[in-house]
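Residue-level structure breakdown
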Amino acid sequence: MLIRVNELLKNHLKLHFVVFIYGFTAILGKLITLPAAEMVWYRMLIAFAALGIYLSYKKQSVVYSGRVVLKMVAVGLVVALHWITFFHAVKISNVSVTLGCLASTTLFTSILEPIIVKRRVKWLELVIGLVIIGGLYLIFQFEFRYKLGILTALTSAFLAGLFTVLNKTFITKYHPVAISFYEMGSGFVGITLFLLLSGRFSSNFVAPVPLDWLWLVVLGIICTAYAFVVSIDVMKVLSAYSVVLTINMEPVYGILMAFFIFRDSEFMSAGFYIGTLVILSAVVLYPFLDRKLRKRALIAEMKASSKSYGK
């Protein structure tokens, strides 16, 4: 039992460190001058190369059946779309709006996980989801000028919930670095095809300025290759919902960093902060309420068993 508790704590600490890194990702999205699609193209290329070098060094096999690889490729395309919509939301609104809306990933995961993983729906997750909808309503009401950014960020949140749940189905069978390698590679190929077919490589492809290269390396290696692998790896122990719930602390780190770095451009109305606080309060309260309900259910089950045994 003690080993299990220590393992849970270790994985939660690893995940929180990754969440802090994720919080910096939105900052990089604003610092890098490239459009969203080109930025994600470079991000996935750098991450794919870094993961390939690591796998080669460790002599880790990535040979799986064609069906499995196709599934990972499909998830990689979802990841690419998630990042493109995420960075586009940052560009057309700001870091605070994007991260505030991204906390709704919990809501989408609570709907998607029972459908995909075939587990029963938990009423507590639905209640938390309704509270999150209330928080989003407040954000929308007071920051309607960013409506397009909010809708784009919500699309990104849905895609984040989708690929997190899908990765949960892989992690018990396949190596997390190999999963990330295929997903980064397929995302890179997918964006390459999009840029080719849309003519953006030849007509208006935007090249990085010198400082962009530094931020792209940080984004590709630390914020993507490392963080993505760890976020998948911890799902060996933690549920997809727990992972998404913790990742929803990203707005706290990101909004604070954005305010200190960008100052006035990140200053929002009181309604925005109230809405964000409602969402994050729901996120933080969930584990405590879930633990309390589990404990109550366990006690009730033990009492029922003892009565049955007494008969």
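Please read all numbers here as calculations on a predicted model, not as lab measurements.

**Regarding the overall build of the protein**
Across its full length, the protein carries twelve helices and zero strands. For 311 residues, the compact-globule formula gives about 19 Å, and the C-alpha radius of gyration of the protein, at 21 Å, lands near that figure. The dimensions of the protein, computed from C-alpha atoms along their principal axes, are 80 × 55 × 30 Å. For the protein, buried positions account for 51% of its 311 residues. Of the roughly 15,500 Å² of accessible surface on the protein, 72% is carried by carbon and sulfur atoms. Charge-centre separation for the protein: the mean point of 29 positive side chains lies 10 Å from the mean point of 13 negative side chains.

**So, the packing of aromatic side chains**
Here the structure, examined in full by the defined rule, presents eleven aromatic pairs. Here the aromatic rings of Phe17 and Tyr226 are separated by 6.3 Å at their centres, their planes lie at 75°, and the arrangement is edge-to-face. Of the two residues, Phe17 is situated in helix 1 (residues 2–31) and Tyr226 in helix 9 (residues 210–233); the sequence distance between them amounts to 209 residues. By relative accessible area, which is 44% here, Phe17 ends up partly exposed. Tyr226 sits in the partly exposed class, given a relative accessible area of 40%. Pairing Phe108 with Phe158 gives two aromatic rings, centres 5.6 Å apart and planes at 90°, and the pair type is edge-to-face.

**Considering the packing of helix 7 (residues 147–171) against helix 9**
Packing of helix 7 against helix 9 leaves a shortest axis separation of 9 Å and a crossing angle of 65°. By the angle class used here, helix 7 and helix 9 are roughly perpendicular. Taken together, the residues of helix 9 that come into contact with helix 7 (itself represented by Phe163, Asn167 and Ile171) are Phe228, Ile232 and Asp233. The residue inventory of the contact of helix 7 with helix 9, partitioned by class, reads four nonpolar, one polar and one charged.

**Notes on the side chain of Thr85**
Checked against the element boundaries, Thr85 lands in helix 3 (residues 66–92). At 2.8 Å, the side chain of Thr85 and the backbone oxygen of His82 are in polar contact. Apart from residues no more than four positions distant in its own chain, Thr85 is found in contact with Thr152, Thr155, Ser156 and Leu159.

**Some thoughts on a nonpolar patch on the surface**
On the surface, a cluster of nonpolar side chains totalling about 440 Å² of accessible area is made up of Val189, Leu193, Leu196 and Leu197. When you line up the elements, Leu196 lands in helix 8 (residues 176–197).

**A word on the environment of Ser104**
With respect to the element layout, Ser104 can be found in the loop between helix 4 (95–102) and helix 5 (105–117). Put simply, Ser104 and Gly129 are 25 residues apart on the chain and 7.9 Å apart in space, counted from C-alpha to C-alpha.

**Notes on the side chain of Asn94**
Within the secondary structure, Asn94 is located in the loop between helix 3 and helix 4. From its side chain, Asn94 meets the backbone nitrogen of Val97 in a polar contact 2.9 Å long.

**Points about the environment of Ile261**
Tracing the sequence through the fold places Ile261 in helix 11 (residues 250–262). Take Ile261: its relative accessible area is 44%, and that puts it in the partly exposed class. Sequence-wise, Ile261 and Ile128 are 133 residues apart; in three dimensions their C-alpha atoms are separated by 32 Å.

The rules behind each value
- Residues numbered from 1 in each chain as written.
- Predicted model: local features only at pLDDT ≥ 70, side-chain atom pairs only at ≥ 80, totals over all residues.
- Heavy atoms only, no water.
- Helix = DSSP H or I, 4+ residues; strand = E, 2+ residues; numbered from the N terminus.
- Rg over C-alpha atoms; globule rule 2.2 N^0.38 Å.
- Buried < 20%, exposed > 50% of the residue type's maximum accessible area, 1.4 Å probe, protein only.
- Areas by Shrake-Rupley, 256 points an atom, 1.4 Å probe, with all protein chains shown as cover.
- Lys, Arg positive; Asp, Glu negative; His and termini not counted.
- Charge placed at Lys NZ, Arg CZ, Asp CG, Glu CD.
- Phe/Tyr/Trp six-rings, centres within 6.5 Å; stacked < 30°, edge-to-face > 60°.
- Axes fitted to C-alpha atoms, helices over the stretch in contact; angles between N-to-C directions.
- Parallel < 35°, antiparallel > 145°, perpendicular 65-115°, else oblique.
- Contact = heavy atoms within 4.5 Å.
- Nonpolar A, V, L, I, M, F, W, Y, C, P; charged D, E, K, R; others polar.
- Polar contact = N/O pair within 3.5 Å; in protein donor to acceptor, adjacent residues only side chain to side chain.
- Patch = residues over 30% accessible without salt bridge, like charges linked within 9 Å, V, L, I, M, F, W, Y side chains within 5 Å.
- Salt bridge = Lys/Arg side-chain N within 4 Å of Asp/Glu carboxyl O.

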